Amino acid sequence: MLYFYEGGSRRQEVLFDFLKTYKGTVQSDAYAPYRKLETDQYHNITRIACLQHVKRKFLEQDKEPDARKIVEMINQLYQKEHEHRTGYQGWTIKDNLAHRKQYAPPILRKIKKKLLSLQAKPDLLPKSQMAEAINYTLSQWKAIEDIFTKGEYYLDNNLVERYNRYISLSRRNSLFFGSHKGAERGVILYSLACSCRMHGINTFEYIADVINKAAKLPPNTDRKIYRDLLPDKWKENRSRIGKDRKSTRLNSSHTAISYAVFCLKKKRGGGGGGGGG
């Protein structure tokens, strides 16, 4: 999990600068700057849609039978997807892709046909909530279809949104970072704390262990060693990188830093808040 901060700005230039050397996939809602990632200018990036953002547009109209029908069809995609889970009982990414190629196309065709029929209704008001939901969905149809072109893609970005709630909670508790430099340091702590949570790691234990290990590493240590200390690699490399895993004693400065992150995890930290990525 990585958060970044650039002067408190959400300008699209911040996003594009951050992704200028990136090659891969971005999953997002249809916020206008994200849509630009679908253009030829970013040919190394594939943007895929978030089905939950699509579904939400119709859930907001739960009294409309047509909206409920669209939600039911989107739920069919989730029901088929949840029949298997990659990494369990020998189910592989390759198996998942084959499964998706079988179940997704007919359901997607039904959804699109329904959307087009609703869009063609003469009594559909152009600025109505239903018209907005239909146009939102159809305008990014390729990005929706592209979700099912790989076996490892998620159907939505709910995982990221759940972790973003910790940022919002901290912002309500502590209001401000106090300075841009404070925010830059803060997003590092947010990144580490949320990554620990994602990987089931005790944040206090992680920070204590990493500070002690880093203190013993020589100045010319290969960056790969530091890479192995990040949360996603830490568990498997913990015993290998120079420290008895049972030792948790810290000097006073180490304790202060670790305690700050512990408070961050518990959402009691002072001076945390403001702009994550």
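Colleague: Help me understand the pattern of salt bridges, please; the structure alone is not making it clear to me.
Modeller: It is possible for side chains of opposite charge to pair when their charged atoms get near one another. This structure, assessed with the given rule, holds 14 salt bridges. Measuring nitrogen to oxygen at the nearest pair gives 3.4 Å for the salt bridge that ties Glu132 to Lys57. On the criterion of sequence distance, the pair formed by Glu132 in helix H6 (residues 129–138) and Lys57 in helix H3 (residues 51–59) is long-range, its members being 75 residues apart. Glu132 sits in the partly exposed class, given a relative accessible area of 44%. Ionic pairing is found between Asp232 and Arg227, a salt bridge with its closest N-O pair at 2.8 Å.

Colleague: Which parts of the structure should I look at to understand the side chain of Ser191?
Modeller: Within the secondary structure layout, Ser191 lies in helix H9 (residues 180–198). At 2.7 Å, the side chain of Ser191 forms a polar contact with the backbone oxygen of Val187. The contact partners of Ser191, leaving out residues within four places of it in the chain, are Met1, Leu2 and Tyr3.

Colleague: Could you clarify how one ought to interpret the side chain of Asn96 in this entry?
Modeller: Positionally, Asn96 belongs in helix H5 (residues 93–119). For Asn96, a relative accessible area of 2% translates into the label buried. Polar side-chain contacts of Asn96 include one of 2.9 Å to the backbone oxygen of Gly151. Beyond its immediate sequence surroundings of up to four residues, Asn96 is in contact with Glu81, Thr86, Trp91 and Gly151.

Colleague: Which parts of the structure should I look at to understand the state of the cysteines?
Modeller: Put plainly, two cysteines are in a disulfide when a covalent bond ties their sulfur atoms together. Tallying each qualifying case throughout the model produces zero disulfides. With no disulfide of its own, Cys194 lies 9.3 Å from the sulfur of Cys196, the closest cysteine sulfur.

Procedures and definitions
- Residues numbered from 1 in each chain as written.
- Predicted model: local features only at pLDDT ≥ 70, side-chain atom pairs only at ≥ 80, totals over all residues.
- Heavy atoms only, no water.
- Salt bridge = Lys/Arg side-chain N within 4 Å of Asp/Glu carboxyl O.
- Helix = DSSP H or I, 4+ residues; strand = E, 2+ residues; numbered from the N terminus.
- Buried < 20%, exposed > 50% of the residue type's maximum accessible area, 1.4 Å probe, protein only.
- Polar contact = N/O pair within 3.5 Å; in protein donor to acceptor, adjacent residues only side chain to side chain.
- Contact = heavy atoms within 4.5 Å.
- Disulfide = S-S within 2.5 Å.

Scope: geometric values only; no functional claims are made or implied.
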